[in-house]
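Spelled out from the first residue to the last, the chains are:
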Amino acid sequence: MKSFGRVLTAMVTPFNSDYSVNYQAAAELARYLIANGSDGLVIAGSTGESATLSKEEKLKLFAAVLDAVGDKACIIAGTGSNDTRASIALTVEAEKLGVHGAMLVGPYYNKPPQEGYYQHFKAIADSTNLPLVLYNVPGRTAANIQPETIIRLSKIANIAAVKEASGNLDQVSEIVRNTDQDFLVYSGDDSLTLPILTVGGAGVISVAAHIIGDRMQDMIAAFFDGDLKKAQDCHLKLLPFIKAMFVATNPIPVKTAVNLIGQNAGPLRLPLIPATEGELAVIRQALADFGH
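Residues numbered from 1 in each chain as written. Predicted model: local features only at pLDDT ≥ 70, side-chain atom pairs only at ≥ 80, totals over all residues. Heavy atoms only, no water.

Per an unreviewed UniProt entry, the recorded name for the protein is 4-hydroxy-tetrahydrodipicolinate synthase, and the organism is Dendrosporobacter quercicolus. What UniProt states about the protein under its Catalytic activity (unreviewed entry) heading is, verbatim, "L-aspartate 4-semialdehyde + pyruvate = (2S,4S)-4-hydroxy-2,3,4,5-tetrahydrodipicolinate + H2O + H(+)". The Subunit (unreviewed entry) comment attached to the protein in UniProt states, word for word, "Homotetramer; dimer of dimers." (UniProt positions renumbered as here; feature names shortened; annotations may be inferred.)

Here's what the structure looks like:
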């Protein structure tokens, strides 16, 4: 299984002032991101406000981004949910559009047992030929996909990777240690990208790369080139900016930042709300510190 790339940006979903999806702005933002450090894009993930997008909106979004950059970048469709049948249906439709892979979040709210996770992801994998990225984010789903379950799932031919956002390096290490070399482990936490690389990670599925994609590429390249001092320096320089991108619930800060650098991301859909004045000051300062 070839790599999806080193820096994949979990892209925000641009909205018009009436909160409808701005597909033209999505295409323009996709082009901007690919020109500025992103090897690929995850569309309609958490950062893309997937919880507020309809199936039809997601499919139109996948098509718009594919049309804009599909020949230059890896496009991964966020097709997972807490409803196995709905996840299968969306994954099948996304595959027909020509996406290069699909990302499947751990079912949230239901809190299935580990066997339930296994059966959920296996059922989706059996429905498609797409390479699949598992997404473990206990902070949002209220439950952890245990390393043993991810290791077991990695043996399914088209389950190619995991986005690990548990924040647990022991868990990441366990997954790397017990999966084949071609199973890719991506950091799901920007600030843990370098630590995860050191235990065998392949790269990052990133929020902050909307703004600092090129710099994240530099850090990862330095690591793989064996220049650990440079990688460490990059990590320490990027950390304050990354922290600023999480000063409020994601994607409030990053969508604000994208608008501030002149890319049209538009507003957030409820229940997310605009950044407060205090949060805005932190975001503006972080951008200024990085030359924006």
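What follows picks up the thread again.
A. Structural view of the overall build of the protein. The helix and strand inventory of the protein stands at twelve helices and eight strands. Relative to the 2.2 N^0.38 estimate, which gives 19 Å for 292 residues, the radius of gyration of the protein is 18 Å and therefore close to what a compact globule would have. With respect to the three principal axes, the spread of C-alpha positions in the protein is 45 × 45 × 35 Å. Looking at the protein as a whole, 56% of its 292 residues qualify as buried. (Helix = DSSP H or I, 4+ residues; strand = E, 2+ residues; numbered from the N terminus. Rg over C-alpha atoms; globule rule 2.2 N^0.38 Å. Buried < 20%, exposed > 50% of the residue type's maximum accessible area, 1.4 Å probe, protein only.)

B. Inspection of the sheet that holds strand β7 (residues 184–187) at higher detail. Spatial strand order, β1-β2-β3-β4-β5-β6-β7-β8: eight strands in a closed barrel with parallel pairing. Averaged over all adjacent pairs, the angle separating strand axes in this sheet is 25°, with direction ignored. In this structure, strand β3 (residues 74–78) lies alongside strand β4 (residues 101–105), joined through three bridges in parallel fashion. The residue of β4 that forms the bridge with A77 is A102. Across the sheet, helix α9 (residues 209–224) lies against β1 (7–10) and β8 (203–206), angled at about 160° from β1, the strand it touches most. (Pairing = 2+ DSSP bridges. Axes fitted to C-alpha atoms, helices over the stretch in contact; angles between N-to-C directions. Contact = heavy atoms within 4.5 Å.)

C. Spotlight on the packing of aromatic side chains. On inspection of all chains with the given rule, the structure shows two aromatic pairs. With centroids separated by 5.2 Å and ring planes inclined at 80°, the aromatic side chains of F223 and F224 adopt a geometry described as edge-to-face. On the basis of relative accessibility, which here comes to 17%, the residue F223 falls in the buried class. Residue classification places F224 among the partly exposed positions, given a relative accessible area of 38%. R152 extends its terminal NZ or CZ atom over the ring of Y118, reaching a point 3.6 Å from the ring centre. Note that K163 overlies the ring of Y135, its terminal NZ or CZ placed 4.1 Å from the centroid. (Phe/Tyr/Trp six-rings, centres within 6.5 Å; stacked < 30°, edge-to-face > 60°. Lys NZ or Arg CZ within 6 Å of the ring centre and 35° of its normal.)

D. Quick peek at the nonpolar core. Counting 83 residues, the largest nonpolar core has M11, L41, I43, F62, I159, I212 and F241 as its most contacted members. Of all the elements, α9 adds the most residues to this core, at eight residues. L41 has contacts with L8, T9, M11, A30, L33, I34, V65, V69, C74, I75 and I76, leaving out every residue within four places of it along the chain. By size, the runner-up hydrophobic cluster in this structure holds 18 residues, among which are F4, C74, V105 and V137. (Core = buried A, V, L, I, M, F, W, Y, C linked by side-chain atoms within 4.5 Å.)

E. Quick look at the layout of surface pockets. Approximately 610 Å³ is the volume attributed to the largest pocket. Taken together, 32 residues form the lining of the largest pocket, with S46, E49, S50, A51 and Y108 sitting closest to its centre. Contributions of two or more residues to the lining of the largest pocket are made by α2 (55–69), α3 (84–97), β4 and α5 (138–141). When grouped by side-chain class, the residues that make up the lining of the largest pocket number 14 nonpolar, 13 polar and five charged. Its boundaries defined by the atoms lining it, the second largest pocket holds a volume of some 310 Å³. As for the second largest pocket, its lining consists of 19 residues, and the residues nearest its centre are G188, D189, V207, F246 and N250. Residue assignment for the lining of the second largest pocket shows that the elements contributing at least two residues are β8 and α10 (228–244). Of the residues contributing to the lining of the second largest pocket, the split by class is eight nonpolar, six polar and five charged. (1 Å grid on protein atoms, 1.4 Å probe; cavity = no way out; pocket = protein on both sides within 12 Å on 5 of 7 lines; lining within 4 Å. Points joined across faces, edges and corners; volume = space filled by probe spheres on them. Nonpolar A, V, L, I, M, F, W, Y, C, P; charged D, E, K, R; others polar.)

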